[in-house]
Amino acid sequence: MIRHLLPGVFFALLAAFVVPFIAARSAQATLPHSHHPETHATPPLAELGQLELPWECSAAFRITQTHDVGSHTGLGTWAFDFDLPVGTPVSAPADGEVRLVRDDSTRHGCGPEFAWDANYVVIDLQNGYDALLLHLEAGSVTVKPGDKVKAGEVVGRVGDSGWVCGTHLHFQVQRSCSSWWCQSVPAGFAEHPQPQTGQELSRPMCEAEPQMAQAD
């Protein structure tokens, strides 16, 4: 009798443990790439440091698009779009070294076919991550690869280049890779650690330059 019961026990154990495991693995395999856990892994804040907003002191601009919506999916999942108008100076968000530059494109339009026509500055933050400043004006970039930059230093101006459906600055922190377009990672700013769509972000006033004492 025990011998007759063994097949039933075996199949019961199979149904209880093996089948749910296979189903879970199958469900994970069908997730879109931008929703896989490794895409959303948050690097330690200490690695990214305290970023400054990528524009001049005392200026304020609104966020028009944040994360995992619209055009911000896949490698650009953790990007920000800011409503900076054409000609607005763009500055480095942290100290680093310029890795890649493009500023010769005048081609733009509201569609993904223009995505590779954007002008940009990529700054190596010297910690395994880059800062990407995208949609710059042709001929406006003031730095070249290999240049050292300081936080707040102007590197170019906003313009219409690449995939734009309205003028803006695209900003993302990304893992360093061989391209200018790499996997973005979560990031915030010194005064605004978790900015949201529609929020207006302002940089504080710049510190006044120290004045030299006047001789009597």
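Data block above holds the structure.
Here is a short report on the structure shown in this document. Remember, it's a predicted structure, so these values are computed and weren't measured experimentally.

Examining the packing of aromatic side chains
Part 1 of the argument: Using the criterion set out here, one finds 9 aromatic pairs in the structure.
Part 2 of the argument: Seen from their ring centres, phenylalanine 171 and phenylalanine 189 are 5.6 Å apart, and the 40° between their planes marks the pair as tilted. One end of the pair, phenylalanine 171, is in strand 11 (residues 169-175); the other, phenylalanine 189, is in the loop between strand 12 (184-185) and strand 13 (200-202), with 18 residues separating them in the sequence. Each member of the pair, phenylalanine 171 as well as phenylalanine 189, carries the same accessibility label: buried.
Part 3 of the argument: The structure contains a cluster of three or more aromatic residues connected by ring pairs, namely Trp55, Phe61, Phe80, Phe82, Phe171 and Phe189.

Some words on the pattern of salt bridges
Part 1 of the argument: Under the criterion given, the structure shown has 9 salt bridges.
Part 2 of the argument: The partner of glutamate 52 in a salt bridge is arginine 203, and the shortest N-O contact between them spans 2.9 Å. With a gap of 151 residues between them, glutamate 52 in the loop between helix 2 (45-48) and strand 1 (60-65) and arginine 203 in the segment after strand 13 connect regions that are remote in the sequence.
Part 3 of the argument: Overall, glutamate 52 belongs to the partly exposed group, its relative accessible area being 26%.
Part 4 of the argument: The partner of arginine 102 in a salt bridge is aspartate 104, with the nearest N and O atoms 2.8 Å apart.
Part 5 of the argument: On the basis of relative accessibility, which here comes to 59%, the residue aspartate 104 falls in the exposed class.

Regarding the environment of glycine 76
Part 1 of the argument: Among the structural elements, glycine 76 can be located in the loop between strand 1 and strand 2 (80-82).
Part 2 of the argument: Look at glycine 76 and you get buried, because its relative accessible area is 0%.
Part 3 of the argument: Sequence spacing of glycine 76 and glutamine 183 is 107 residues, and the spatial spacing of their C-alpha atoms is 6.6 Å.
Part 4 of the argument: Beyond its immediate chain neighbours, meaning those up to four positions away, glycine 76 contacts Gln172, Trp181 and Ser184.

About the criteria used
- Residues numbered from 1 in each chain as written.
- Predicted model: local features only at pLDDT ≥ 70, side-chain atom pairs only at ≥ 80, totals over all residues.
- Heavy atoms only, no water.
- Phe/Tyr/Trp six-rings, centres within 6.5 Å; stacked < 30°, edge-to-face > 60°.
- Helix = DSSP H or I, 4+ residues; strand = E, 2+ residues; numbered from the N terminus.
- Buried < 20%, exposed > 50% of the residue type's maximum accessible area, 1.4 Å probe, protein only.
- Salt bridge = Lys/Arg side-chain N within 4 Å of Asp/Glu carboxyl O.
- Contact = heavy atoms within 4.5 Å.

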